[in-house]
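Next come the chains, spelled out residue by residue.
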Amino acid sequence: PGLYGLDASAIDAMPYRLATQLLRALVGARATGWLTVLGYFPVAAAGISALAGGGRWRRNAAALLMVCNPFVVERVRAGRVSFLLSVALLTWVLASALHATRIGKPFAARPAGWYALAMAVAPHGAWLGAAGLLAVALLPRPRRVDLVRTLLITLSAAGAYLYGVVVLLTGVRTSWVTDRDLAAYAPRPGPGGLLVTVASLHGFWRGGVELPRSFLGGVAGPVLLVVLLATVAAGLVLLCRGEPALGAPVVAVTVVGLLLGAGVDGPVGGVYRWMFRTVPLFEAMREQQKWVALAMIGYAVAVGAAVQAIADTIRANPVRFTWPPLTGTRSAGPRSTGALGAGRRGGRAVRWAALVWAGAVACCYLAVTPTLLLGLGGSVSTSRYPAAWAEADRIMGTGSGAVLFLPWHAYQPFAFTGQRTVATPAAAYFRRPVLCSDAVELGELRSSSVSLRSAYLDRVLAAGGGGRAGRLLAPLG
C-alpha cells in the first residue's frame, strides 16, 4: 500500500517509491541503496555549478561546498537520501528560473519540469522550491512577467501530485500532525546555541547520527565557523554589487533558510507555529531543520563567488620568489610583482592576505571532507539480514495472509544493524503483506497515525491478547 500511495503514513513521493522499487528489481537492494546515496552528489554539484555561474574557481568551489558539508553528511547517515536528492534538484529549479528571468518569457518549461521532479522525489521540495522561486521572481525588483511565469511554473509542477486526488477519492485517512510533531522534530541546539548550530549547518533533530562537530568542537571549530561565515558574507556582498539578479535571491534564500531552519525555538518561532496551524499543507515541514537546505545552497553560491574573488586577487598579485635569497647585494629586479604595484608594501599585503584567506577556506573543506570517505568514516555500510529471516520467509512463502511483525515498534535497533535504530524493514523484506507499527514514539509524540487498524493492534498487543489473540487478530487476515 505504501508503494502505491495508499498508506496513511506514505502517501507522498509515490513516483520516487516506484522508481526505487523498479531499480531494486533491476540491480538488487544492495546496489540500489548505494546508488540512491550516490545520486545526490553529481546532481547537486552540477546544479549548483549551473546556478553559481562564473569561472572555474566559482563553480568548483560552490560544487564542493554543496556536497561537502555537515548537513549532507548527517542526512546521509540518517538515510534521508530522497530528501537530499530533492534538494539537489532544487538547484536546477533555481538555475533554470534565473535563466528564464534573464530571457523574460511568460512561461518556462524547464523550471516547471525540475520543480515537478523535486516534488515527486520528496514533498518538502514543494515548499523549499516555492521559497526559491518567489525570491527569484521578486528580487531584485519584481516584474509582472516574472510573477506570471512563477505562477504558471507552480501550477504546472503541481501536476506531479495529481495522483493525490485519487488517494483522497478512495477515502484514505492521512496522518495527523499536531504541535507535538513540531516539538519532536525541532532542531537540536549544539554547544554554541541554536543560532550558531543552524548557521554551521548542524541541528538535525535525530540523535546519534551526527558527525563530529567539525565547526563547533575543538579549539579550531569556532575559528573555522567564523571563516566560513565571513566568506559567505563577503560572497553575498560581491554578488549583490556585481550581479544583483543572482545575489539578491541568494541572500533571500539564505536568510529564509536560517530563520525558518531555527524552527519554533528560533527568532521567528511564533510565525512558524502560525503557518503550521494556518497554511494548508505546511505540516509537511514539521521537521524545521529541512529549511537549512536553502541556506546550504546560498552558502555554496556565496563561497564560490568569494573564492573566485580570492583567486582573481592572487592572479592579479602573483607571488614570485627568487632563489637563492640575495644578501649583501641589491637585486637586479623586484622579488615579487603584482598588479597593485611591483614590490610595494600594499601589494604584498593584499596578496598575502588573499593567500591566508584561501588557506583558511581550504581548512573549512578539509574539516568535513574526511567524513565523506570510506563509507562516511566507516559509519555507513551494507547490513545483511539474518539467515533466520530468510528461513522464515521461505517457510511462509507467498499468499494473501498477512504477517504480524513483533516487537511492535516502527523504529527499533537490530543486531544486524549493530544496534543502530532504523525503520523496521520487515515490510520491505518479507514477500507476504506485513503488519508493522507506524508509531514514531519520539519524545511526547506517540504517533501521527490515524490508522484504525494500527489503533486496534495497539490495544490488542498492549493487553497481551488476554488468551484470545488468535480470535482478535483473525479479522485482520
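Not measured: the values here are computed from a predicted model.

Turning our eyes to something else, we now look at empty space enclosed by the protein. Going through the model one piece at a time under the given rule, you end up with four cavities of 30 Å³ or more. In this structure, the largest cavity encloses a volume near 60 Å³. When residues of the lining of the largest cavity are traced back to their parent elements, those giving at least two are helix H5 (81–103), helix H7 (124–138) and helix H13 (244–261). Examining the composition of the lining of the largest cavity, we find that four residues originate from one element, H13, more than from any other. Taken together, the residues of the lining of the largest cavity break down into nine nonpolar, one polar and no charged.

With that settled, consider the packing of H7 against helix H8 (residues 144–157). Following both chains from N to C, one finds H7 and H8 inclined at 160 degrees, their axes separated by 9 Å at the closest point. Accordingly, the angle class assigned to the pair H7 and H8 is roughly antiparallel. Judged by the twist between their axes, the crossing of H7 over H8 is right-handed. In this structure, H7 contributes Leu 133, Ala 137 and Leu 138 to the contact, and H8 contributes Asp 146, Leu 147, Thr 150, Ile 153 and Thr 154. For the contact of H7 with H8, the residue count by class is five nonpolar, two polar and one charged.

Moving on, we come to the environment of Ala 126. The topology assignment puts Ala 126 in helix H7. For the pair Ala 126 and Ala 284, spaced 158 residues apart in the sequence, the C-alpha separation amounts to 9.4 Å. If we ignore the near neighbours within four places in the chain, the residues touching Ala 126 are Tyr 115 and Met 119.

The next subject is the confidence of the model for the protein chain. Parts of the prediction with low pLDDT should not have their coordinates interpreted in detail. Mean pLDDT over the protein chain: 85, with 87% of residues reaching 70 or higher. When mean pLDDT is compared element by element in the protein chain, H13 scores highest at 97, while helix H9 (residues 163–169) scores lowest at 71. Segment residues 212–216: pLDDT under 50, and 26 contacts once partners within four positions in sequence are set aside and those in other chains are kept. Note that pLDDT drops below 50 for residues 321–343; the model gives that stretch 29 contacts with residues more than four away or on any other chain.

On to H8, then. The terminal C-alpha atoms of H8 lie 20 Å apart, and with 14 residues this matches the ideal 20 Å at 1.5 Å per residue to within 8%. When we look at burial in H8, the residues that qualify are Asp 146, Arg 149, Thr 150, Ile 153 and Ala 157. One side of H8 holds all its buried residues, which, seen down the axis, span an arc of 100 degrees. Opposite the packed face of H8, turned more than 90 degrees from it, sit the exposed residues Arg 144, Leu 151 and Leu 155. Buried residues along H8 sit against H5, helix H6 (109–121) and H7.

Our next topic: the pattern of salt bridges. By the definition in use, this model includes 13 salt bridges. For Glu 287, the salt bridge identified is with Arg 80, shortest N-O distance 3.1 Å. You can see Glu 287 sitting in the loop between helix H14 (269–278) and helix H15 (292–316) and its partner Arg 80 sitting in the loop between helix H4 (70–77) and H5, a full 207 residues away along the chain. We classify Glu 287 as buried; its relative accessible area is 5%.

On the surface, Leu 22, Leu 26, Val 27, Leu 35 and Leu 38 cluster together to form a nonpolar patch covering roughly 490 Å² of accessible area. Breaking the nonpolar patch down by element, the ones donating at least two residues are helix H1 (14–27) and helix H2 (29–52). No other element matches H1, which puts three residues into the nonpolar patch. Structurally, Leu 35 is set in helix H2.

As a further point, take the nonpolar core. In terms of nonpolar packing, the biggest core is built from 90 residues, with Tyr 40, Ile 48, Leu 51, Met 66 and Leu 128 touching the most fellow members. Setting aside chain neighbours within four positions, we find Leu 128 in contact with Phe 83, Val 87, Leu 90, Met 285, Lys 290, Trp 291, Ala 293 and Leu 294. Ranked by size, the runner-up nonpolar core spans eight residues in total, among them Phe 405, Phe 416, Ala 426 and Val 434.

Moving on, we get to the packing of aromatic side chains. Inspection of the entire model under this criterion finds 19 aromatic pairs. Between Trp 389 and Phe 414, the ring centres sit 6.1 Å apart and the planes meet at 85 degrees, which makes this aromatic pair edge-to-face. Here Phe 414 lies in the loop between strand S2 (411–413) and strand S3 (421–423) and Trp 389 lies in helix H18 (residues 387–396), a separation of 25 residues in the sequence. For the residue pair Trp 389 and Phe 414, the accessibility class agrees, reading buried in each case. Plain terms: the ring middles of Phe 405 and Phe 414 are 6.5 Å apart, the flat faces sit at 55 degrees to each other, and that makes the pair tilted. Pairwise contacts between aromatic rings join Tyr 385, Trp 389, Phe 405, Phe 414, Phe 416, Tyr 429 and Phe 430 into one cluster. Stacked on the ring of Phe 83, the Lys or Arg Lys 290 has its end atom at 5.1 Å from the ring centre.

Cut-offs applied
- Residues numbered from 1 in each chain as written.
- Predicted model: local features only at pLDDT ≥ 70, side-chain atom pairs only at ≥ 80, totals over all residues.
- Heavy atoms only, no water.
- 1 Å grid on protein atoms, 1.4 Å probe; cavity = no way out; pocket = protein on both sides within 12 Å on 5 of 7 lines; lining within 4 Å.
- Points joined across faces, edges and corners; volume = space filled by probe spheres on them.
- Helix = DSSP H or I, 4+ residues; strand = E, 2+ residues; numbered from the N terminus.
- Nonpolar A, V, L, I, M, F, W, Y, C, P; charged D, E, K, R; others polar.
- Axes fitted to C-alpha atoms, helices over the stretch in contact; angles between N-to-C directions.
- Parallel < 35°, antiparallel > 145°, perpendicular 65-115°, else oblique.
- Left-handed = near helix turned anticlockwise from the far one by under 90°.
- Contact = heavy atoms within 4.5 Å.
- pLDDT = per-residue confidence, 0-100.
- Expected span 1.5 Å × (residues − 1).
- Buried < 20%, exposed > 50% of the residue type's maximum accessible area, 1.4 Å probe, protein only.
- Arc of directions from axis to C-beta.
- Salt bridge = Lys/Arg side-chain N within 4 Å of Asp/Glu carboxyl O.
- Patch = residues over 30% accessible without salt bridge, like charges linked within 9 Å, V, L, I, M, F, W, Y side chains within 5 Å.
- Areas by Shrake-Rupley, 256 points an atom, 1.4 Å probe, with all protein chains shown as cover.
- Core = buried A, V, L, I, M, F, W, Y, C linked by side-chain atoms within 4.5 Å.
- Phe/Tyr/Trp six-rings, centres within 6.5 Å; stacked < 30°, edge-to-face > 60°.
- Lys NZ or Arg CZ within 6 Å of the ring centre and 35° of its normal.

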